[in-house]
Amino acid sequence: MKHILKIIWNQKRHYAWIFTEQVLVTAILMLSAVSLLEAYKKYKTPGMLDVENAFYVGQMFNIDSNVDAPGGKLKEEIREELINAQQSMNIIIENLRKLPYVKAITRGFMMAPYARDDELYMEMNSDSISIDDKKILAVIKISDEFGASVLNVEMEEGTWFENHPLPDGSTPVVITRQFADKAGWSTATGKKIQRHRVWTVTGVAAGLKQEPFAPSPVAIVLPTYAVLGLEFENLVKIERGMEKEFTELYYREFRRLIPSKYTEPLLSYMPSAKRSQILQSVLPVVLQGIPTLFLFVFAFIGTFGLYWMISQKRMKEFALRRALGSTKSGLMRIVVGESLLITCLAVLPALVLSFLIYDYTAVHVIAVSATIFIMLLFAVVSAWYPAWKVSRVNPAEALQYE
């Protein structure tokens, strides 16, 4: 090692470019690795709702402002049409339940993921709930007894509720683990919440994420029977391969039962909505990773070329070493050792940078360790072929003019 250090120092002008290049590559690769692993960690947090083979169905109201009566109220005939449309929507849902390829349908409000971002959910339907001496800001969600099965909600404690009052007359509710933590409850099942009426916690969900890379919000889920006057969101889980048949039937049923010109059918394939959300979240990481990949490839080519050039200039030195008794493997160890040592020195500035900007959680430790491993592998691979060529030098040919 001392000998290799002396060689590098004596030829520091040649190796300075390799060192500078590797410092830059290590720092950028480390930042990209941390970003990638942090995104993956967010994606794997509990609360991801299952939307495979699920459709979001409903209706959209299309009312022009010029049909409003004085005072901002809808004309009576339009009001009646909208009421009839809502009632007809209930009939459509019941007809869909009878289809052999429909597994389950859940009706609720604010439960459908990927329909809105978390900020909008908080703005639309959040409220403060008093627990002992605490005020907890929570998203209020509505669901029926099928919500857990359609969305495959992971229950950490207790069970999902049935859509009717409990034997003691209280209203069953499900809370998220985030709500239980805010309330300071290690065991939440059976806890009572006093708000307008008595709520009893029947279960704790691991989370109810609305976006793939967002944390699960502090939330509480009420049964639909306890909330009146809402236009419910409908999520339909069907068998795989029946997407086209279901789409055609839904549009046909909607036009048959809701011929109003003020309503339009709403149908969204939830896996597509999920992919769109993932793409929006992953795109910045990908855009950061693509230049990093190109930089890594070009750095490898440049480092390989520099080692090749340096080894060719030192060919007589290596021939002399062979004449004095160095083995082929010994010459390869010298060249590869030089590359590894320079890489280790180049990694140090990136390590110092990581200590300054990261808290060194498990994600940061894994990302930095992976970066160091990749750079060491980079050093070995980029120097291996020049080292192999050096080990094959013929002393007689290389020194015949000396």
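The structure under discussion appears in the preceding block.
Residues numbered from 1 in each chain as written. Predicted model: local features only at pLDDT ≥ 70, side-chain atom pairs only at ≥ 80, totals over all residues. Heavy atoms only, no water.

*Asks:* Hey, could you run me through the packing of aromatic side chains in this one?
*Replies:* For any two aromatic rings, the description comes down to two numbers: the centre-to-centre distance and the angle of the planes. Within the structure shown, the criterion is met by ten aromatic pairs. Site record: aromatic cluster; members linked through ring pairs are Phe55, Phe246, Tyr250, Tyr251, Phe254 and Tyr269. (Phe/Tyr/Trp six-rings, centres within 6.5 Å; stacked < 30°, edge-to-face > 60°.)

*Asks:* Would you mind showing me how to read helix 7 (residues 243–257) here?
*Replies:* In an α-helix, one full turn covers 3.6 residues, which means residues spaced three or four apart are oriented alike. For helix 7, spanning 15 residues, the distance from its first C-alpha to its last is 21 Å, which sits close to the expected 21 Å at 1.5 Å a residue. The set of residues buried in helix 7 consists of Glu243, Phe246, Leu249, Tyr250, Glu253 and Phe254. Taken end-on, helix 7 shows its buried residues confined to a sector of 130 degrees, consistent with a single buried face. Every exposed residue of helix 7 that faces more than 90 degrees away from the buried side is listed here: Lys244, Arg252 and Arg256. (Helix = DSSP H or I, 4+ residues; strand = E, 2+ residues; numbered from the N terminus. Expected span 1.5 Å × (residues − 1). Buried < 20%, exposed > 50% of the residue type's maximum accessible area, 1.4 Å probe, protein only. Arc of directions from axis to C-beta.)

*Asks:* Looking at this model, I keep getting lost on the pattern of salt bridges. Mind explaining?
*Replies:* Opposite charge on two side chains makes pairing possible when the charged atoms of those side chains draw close. Evaluation of the coordinates by the stated rule reveals eight salt bridges. The partner of Lys192 in a salt bridge is Asp168, and the shortest N-O contact between them spans 2.7 Å. Here Lys192 is found in strand 7 (residues 192–195), whereas its partner Asp168 is found in the loop between strand 5 (155–158) and strand 6 (171–176), with 24 residues between them in sequence. Exposure remark for Lys192: the relative accessible area of 46% places this residue in the partly exposed category. Under the relative-accessibility criterion, Asp168 is labelled exposed at 51%. Between Arg255 and Glu264 there is a salt bridge, with the nearest N and O atoms lying 3.1 Å from each other. A network of salt bridges, in which partner residues are shared, links Glu156, Glu157, Arg177 and Asp181. (Salt bridge = Lys/Arg side-chain N within 4 Å of Asp/Glu carboxyl O.)

*Asks:* Help me understand the pairing of strand 6 in this model?
*Replies:* Both faces of the sheet carry side chains from a regular strand, because those side chains alternate between them. Most of strand 6 sits inside the fold, with six of its six residues counted as buried. Where burial is concerned, the two faces of strand 6 agree: the one with Thr171, Val173 and Ile175 and the one with Pro172, Val174 and Thr176 are both buried. Pairing geometry for strand 6 and strand 9 (residues 219–223), over two bridges, is antiparallel. In the sheet register, Ile175 faces strand 9, and the bridge partner there is Ile220. (Pairing = 2+ DSSP bridges.)

*Asks:* How should I be thinking about the side chain of Arg107 in this particular structure?
*Replies:* Take Arg107: it is sitting in strand 2 (residues 102–108). Here Asn90 takes part through its side chain, which lies 2.9 Å from a polar atom of the side chain of Arg107. (Polar contact = N/O pair within 3.5 Å; in protein donor to acceptor, adjacent residues only side chain to side chain.)

*Asks:* What is the right way to read the environment of Leu49 from this model?
*Replies:* Along the chain, Leu49 falls in the loop between helix 2 (12–44) and strand 1 (54–61). Residues Leu49 and Leu151, spaced 102 residues apart in sequence, show a C-alpha to C-alpha distance of 5.3 Å. Not counting residues up to four positions away in its chain, the partners in contact with Leu49 are Met111, Pro113, Tyr114, Leu151, Val153, Gly207, Leu208 and Lys209. (Contact = heavy atoms within 4.5 Å.)

*Asks:* I tried to follow the nonpolar core on my own but got confused; where do I start?
*Replies:* In summary, soluble globular proteins display a tendency toward joint burial of nonpolar side chains. The biggest cluster of nonpolar side chains holds 24 residues, and the ones touching the most others in it are Ile129, Ile131, Ile175, Phe179, Trp185, Ile193 and Ile220. With four residues, the single largest contributor to this core is strand 4 (residues 134–143). Residues Tyr56, Leu151, Ala205 and Met270 belong to the second largest nonpolar core, which totals 21 residues. (Core = buried A, V, L, I, M, F, W, Y, C linked by side-chain atoms within 4.5 Å.)

*Asks:* Please clarify how the side chain of Lys237 should be interpreted in this entry.
*Replies:* For Lys237, the location among the structural elements is in strand 10 (residues 233–238). Looking at Lys237, the relative accessible area reads 9%, which means it is buried. Contact partners of Lys237, with chain neighbours within four places excluded, come to Asp50, Val51, Glu52, Asn53, Ala54, Tyr101, Val102, Lys103, Ala104 and Val150.

*Asks:* Which parts of the structure should I look at to understand a nonpolar patch on the surface?
*Replies:* Nonpolar side chains collect at one region of the surface, where Leu279, Leu283, Val286, Leu287, Ile290, Leu293, Phe294, Val297, Phe298 and Ile301 lie side by side and expose about 970 Å² of accessible area between them. Tracing the backbone through its elements, the reader meets Leu293 in helix 8 (residues 270–313). (Patch = residues over 30% accessible without salt bridge, like charges linked within 9 Å, V, L, I, M, F, W, Y side chains within 5 Å. Areas by Shrake-Rupley, 256 points an atom, 1.4 Å probe, with all protein chains shown as cover.)

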